[in-house]
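# What the coordinates show
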Amino acid sequence: MRRASAAVAVAAALVLVGCAGPSSESVAGGGAGTAPAGGAEGGPSTPVRTGVPELQVSEVAGGFANPWDVGVLPDGSVLVPERDGRLSLLSGTTPGAVVTPVAADFSDVLAQGEGGLLGMVVHDDFAETRRFTTCQTHVEGTTPTDVRLITWELAADGASARRVTDPLVGGLPINPSGRHSGCRPTLAADGALLVGTGDTARGAIPQDLTSLGGKVLRVDLATGGPAEGNPFADADNPAQRLVYTYGHRNVQGVAVDAAGEVWTAEHGPSTDDEVNRLQAGGNYGWDPSRGGTVGGYDESVPMTDLDRFPDAVPAAWSSGRPVEAVSGAAFLAGGRWGDLDGTLVVGALRGEKLLFMTPEGASITEVGVPEALDGTYGRLRAVRLAPDGALLVSTSNGSDDKILRVDPV
């Protein structure tokens, strides 16, 4: 039985830690499950930045198992998908929220490793259509088939949901182990559906423009076809028409800033998690096949291989070694955040922290970690901004996971 958790208010200043930041090596792929005990190793830090508001962290609800995302509805209630194929509705975004199961058919979800019921988005017109879209690893019988996006309609009473379009987009590659399933959907400023995908640990996929793996897709949310203005809209291959960027390893976070620019958070192997600012048609330089010259999955190659791809887009930020296993991402917005307005917030699974990043152009100039969210709650996965400006974060420890609310004091 899930339970609402009492509020835990924690005030903490934001400490700057430098662009690489202290880090902790990822479990391979940064997938679901409980990480080894202990947070990131400590290192020298600069003094606390002045003028930064303190943070209050409250536990909205608990009793989940690997909640992969959160979707806030217009009435303030929240949909929460869990990896094993469950969907719940929270009555609100404040402590004491009531958690109600949503009856929906997730019998075809392959819950394995980093696969299962993954990210979701609430449609902009939900108030009229009651529609939302989820991403899942899909099995037919006992055969893993693909990773796919499915559009649902939530019943008026919130107690059930039915499939409206299945699939909205299908054919994303799948690894039967669930490895590198990616699948973080986010709405762009123009209403297009952005989807970060994983390369399924197959070497040739990230650079193959006819595969939907190792990409960021840009999709028309109504039709599942390519969004207007896609960089490969005239390609002969229908999959390539959906591609916005390529050469990615395992995109776990997609966030849109106030100017409409798209940023991603992406898992590295044993070095160089990345945050990238996307350029339409850009190659982000991951190629574990070494141009097709090696078989298997050679993870010794650079995350952004500028020798093989001189025109590849350099990362805005890299973790160095070891990695944090970065996950969900969102931009803070609104005057209530003071000088943190416009800050990119990225969760970390292995690192068990929130990283607060300051973008400047195509680069990240500062990285800070609030003490209240540095190893306190374990692995952090979903990071979304609620309509009231609060930050919603999910833990991903495998049992009694929580939805957290983060506010400036």
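Looking at an unreviewed UniProt entry, one finds the chain named PQQ-dependent sugar dehydrogenase, with Pseudonocardia oceani as its source organism.

## Brief notes about the packing of aromatic side chains
The way to describe two aromatic rings as a pair is by their centre distance and the angle between their planes. Counted according to the given criterion, the structure contains 5 aromatic pairs. Their ring planes at 10° and their centres at 6.4 Å tell us that Phe-132 and Trp-152 sit as a pair that is stacked. Linking Phe-132 in strand β8 (residues 131–140) with Trp-152 in strand β9 (residues 143–154), this pair joins segments that are 20 residues apart in sequence. Of the residues examined, Phe-132 reaches a relative accessible area of 0% and is grouped as buried. Measuring from ring centre to ring centre gives 6.3 Å for Phe-232 and Tyr-246, while their planes differ by 65°; the resulting arrangement is edge-to-face. One end of the pair, Phe-232, is in the loop between β13 (215–219) and β14 (243–246); the other, Tyr-246, is in strand β14, and 14 residues separate them in sequence.

## Some details on unusual backbone geometry
For the bond running from Asp-166 to Pro-167, omega is 0°, close enough to zero to count as cis. With respect to the helices and strands, the residue Pro-167 is situated in strand β10 (residues 161–172). The omega torsion of the bond from Arg-321 to Pro-322 falls at -10°, within 30 degrees of zero and hence cis. Within the secondary structure layout, Pro-322 lies in the loop between β18 (317–318) and β19 (326–331). One non-glycine residue, His-180, lies in positive phi territory at about 50°. Locating His-180 in the fold gives a position in the loop between β10 and β11 (182–187). Of note in the backbone geometry, Asp-400 takes a positive phi value of approximately 45° without being a glycine.

## Side note on the sheet that holds strand β15 (residues 251–256)
Here we have 4 strands laid out as an open sheet, ordered β15-β16-β17-β18, and antiparallel in their pairing. A single partner strand is all that each edge strand has here, and the edge strands are β15 and β18. In the sheet, strand β16 (residues 262–266) pairs with strand β17 (residues 274–277) via 4 bridges, with the strands oriented antiparallel. Paired with Trp-263 across the strands is Arg-277, a residue of β17.

## Some remarks on the state of the cysteines
One pass over the structure, following the stated rule, counts 1 disulfide. Two residues share a disulfide in this structure: Cys-135 and Cys-183, whose sulfurs sit 1.4 Å from each other. Its S-S torsion of about 60° marks the bond between Cys-135 and Cys-183 as right-handed, since a negative value means left-handed. Here the residue Cys-135 occupies a position in strand β8, and Cys-183 occupies one in strand β11, the gap between them amounting to 48 residues. For Cys-135, a relative accessible area of 0% corresponds to the buried category.

## As for the pattern of salt bridges
For the structure shown, the criterion picks out 20 salt bridges. Residue Glu-299 is joined to Arg-179 by a salt bridge in which the shortest nitrogen-to-oxygen separation is 3.2 Å. Of this pair, Glu-299 sits in the loop between β17 and β18 while Arg-179 sits in the loop between β10 and β11; the two residues are 120 residues apart in sequence, bridging distant segments of the chain. On the basis of relative accessible area, Glu-299 is assigned to the partly exposed category, the value being 27%. We note a salt bridge from Arg-405 to Asp-388, for which the minimum N-O separation is 3.0 Å. Pair noted here: Arg-405 is in strand β25 (residues 401–408) and Asp-388 is in the loop between β23 (380–385) and β24 (391–395), with a separation of 17 residues, a long-range link. Residue Arg-405 is classed as buried on the basis of its relative accessible area of 9%. Through salt bridges that share partners, Asp-108, Asp-146, Arg-148, Arg-163 and Asp-166 make up one connected network.

Thresholds, definitions, all that
Residues numbered from 1 in each chain as written. Predicted model: local features only at pLDDT ≥ 70, side-chain atom pairs only at ≥ 80, totals over all residues. Heavy atoms only, no water. Phe/Tyr/Trp six-rings, centres within 6.5 Å; stacked < 30°, edge-to-face > 60°. Helix = DSSP H or I, 4+ residues; strand = E, 2+ residues; numbered from the N terminus. Buried < 20%, exposed > 50% of the residue type's maximum accessible area, 1.4 Å probe, protein only. Pairing = 2+ DSSP bridges. Disulfide = S-S within 2.5 Å. Salt bridge = Lys/Arg side-chain N within 4 Å of Asp/Glu carboxyl O.

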